[in-house]
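Read off the chains here:
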Amino acid sequence: MLEPLRQGLPPIDPSAVSGSATCTLPARYEAVGGARRFTRTTLNGWGLAERFDDVALVVSELVTNALRHALPSESSAPEPQDPPVRLHLLRWSSRLVCAVRDPSRESPVASEAPDCAESGRGLFLVESFSDSWGWHPTPDTESPNTPAASRGKVVWALFRLSDGM
């Protein structure tokens, strides 16, 4: 999941991860609040409570996008084998990564939202509040019989932490 993060950044040693936490989120918009609570608890445990506001905003946008654009509509029930939305938080000494995995292979697209629109600015907020972000298809680690469309993607945001943390 982390290979694309290594491109264009100083080396990230997977064995140097000082903390990681994952939660599975239900396919309901109430999950966004749960993702924020999970993020607060995790950051507090890592001594990063002062980063909560920016990180929670990005987590909220990434999870909302996954729920809005990656999951089947209510009219078509999800297949039991479809993976749920998952939030991953990973901490190194100098950076924090928030990654949201969802079942869609569709790329996230930042689009211009009209001034009067109530939505459509999520990826601009992610770009503004994180140091970098991107996405990649989920690695094909599942069985060869798994349809490619159900393997999904990971959308991630990186936050640089001060060296003293």
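Keep in mind it's a predicted model, so treat the numbers as computed, not measured.

(A) Representation of the overall build of the protein chain within the structure. Helix and strand counts for the protein chain come out as 3 helices and 5 strands. Along the protein chain, helices and strands appear, N-terminal first, in the series β-α-α-β-β-α-β-β. Counting the 165 residues in the protein chain, one finds 43% classified as buried. A total of about 9000 Å² of accessible surface is found on the protein chain, and carbon and sulfur atoms cover 50% of it.

(B) Region of the structure containing the sheet that holds strand β1 (residues 19–25). Across the sheet, 5 strands lie side by side as β1-β2-β3-β5-β4; this open sheet has antiparallel pairing. Each having just a single partner strand, β1 and β4 (132–137) make up the two edges of the open sheet. Across the sheet, the mean angle from the axis of one strand to that of its neighbour is 15°, orientation sign disregarded.

(C) Spotlight on the packing of aromatic side chains. Applying the stated criterion to the full structure yields 0 aromatic pairs. Residue placement shows arginine 40 over the ring face of phenylalanine 52; its charged tip is 3.8 Å from the ring centre.

(D) Examining helix α3 (residues 122–129) more closely. Of the positions making up α3, those classed as buried are Gly122, Leu123 and Val126. Projected onto a plane normal to the axis of α3, the buried residues spread over an arc of 95° and lie on a single side.

(E) Structural view of the pairing of strand β5 (residues 153–160). Burial of β5 is extensive: 7 of the 8 residues sit out of reach of the surface. When strand β3 (residues 95–102) meets β5, the two strands line up antiparallel, connected through 8 bridges. Note that in β5 the partner of arginine 101 across the bridge is valine 154. Of the strand pairs in this sheet, β4 and β5 are connected by 6 bridges, and their pairing is antiparallel. Residue pairing for β5: tryptophan 133 is matched across the bridge by alanine 157.

(F) Here's a closer look at the nonpolar core. In terms of nonpolar packing, the biggest core is built from 30 residues, with Leu25, Val59, Val63 and Leu87 touching the most fellow members. Those elements giving two or more residues to this core turn out to be β1, α1 (31–45), α2 (52–70), β2 (85–91), β3 and β5. It is α2 that contributes the most residues to this core, 9 residues altogether. Excluding residues within four positions of it along the chain, valine 63 makes contact with Leu25, Val32, Ala35 and Val100. By size, the runner-up hydrophobic cluster in this structure holds 7 residues, among which are Leu90, Trp92, Trp156 and Leu158.

(G) Seen up close, the environment of arginine 37. Checked against the element boundaries, arginine 37 lands in helix α1. Given a relative accessible area of 58%, arginine 37 falls into the exposed group. Distance in space between the C-alpha atoms of arginine 37 and alanine 56 is 8.7 Å, their sequence separation being 19 residues.

(H) Seen up close, the side chain of histidine 88. Relative to the helices and strands, histidine 88 is located in strand β2. Residue class for histidine 88 comes out buried when judged on its relative accessible area of 12%. A polar side-chain atom of histidine 88 sits 3.0 Å from a polar atom in the side chain of threonine 22.

(I) Representation of the confidence of the model for the protein chain in the model. With 65% of its residues at a pLDDT of 70 or more, the protein chain has an overall mean of 78. Put simply, α3 is where the protein chain has its lowest mean pLDDT, 87, and α1 is where it has its highest, 97. Here residues 6–10 is modelled with pLDDT under 50, and outside its nearest four sequence neighbours on either side it reaches 5 contacts, counting other chains as well.

Reading the values: rules and limits
Residue numbers here run from 1 along each chain, matching the order of that chain's written sequence. The model is predicted, so local features are restricted to residues of pLDDT at least 70 and side-chain atom pairs to those at 80 or more, both for listing and for counting; the totals for chains, interfaces and linings are taken over all residues. Here the side-chain values reflect all heavy atoms present in the structure, with hydrogen atoms and water set aside. Each helix is a run of DSSP H or I of at least 4 residues and each strand a run of E of at least 2, with the numbering of both proceeding from the N terminus. Only protein chains enter the accessibility calculation, which uses a 1.4 Å probe. A residue is then buried if its area is under 20% of the maximum for its type, exposed if over 50%, and partly exposed in between. Note on areas: these come from Shrake-Rupley sampling with a 1.4 Å probe, and a residue is covered only by the protein chains present in the view. A pair of strands counts as paired when DSSP detects no fewer than two bridges linking them. The angle between two axes is taken between their N-to-C directions and runs from 0 to 180 degrees, where each axis is a line fitted to C-alpha atoms and a helix contributes only its stretch in contact. Centres within 6.5 Å are what make two rings of Phe, Tyr or Trp a pair, Trp counting through its six-membered ring; a difference in plane orientation under 30 degrees is then read as stacked, over 60 as edge-to-face, and the rest as tilted. Here, a charge over a ring means that NZ of Lys or CZ of Arg falls within 6 Å of the ring centre while also lying within 35 degrees of the ring normal. This arc is taken over the directions from the axis of the helix to the C-beta atoms. Nonpolar cores are built from buried Ala, Val, Leu, Ile, Met, Phe, Trp, Tyr and Cys residues. Side-chain atoms within 4.5 Å join them into one set. In this description, contact between two residues means that some pair of their heavy atoms is separated by no more than 4.5 Å. Definition of a polar contact: a pair of N or O atoms within 3.5 Å, with one able to donate and the other able to accept a hydrogen when the atoms are protein atoms, and with sequence-neighbouring residues admitted only if both atoms are side-chain atoms. pLDDT measures the predictor's confidence residue by residue and takes values from 0 up to 100.

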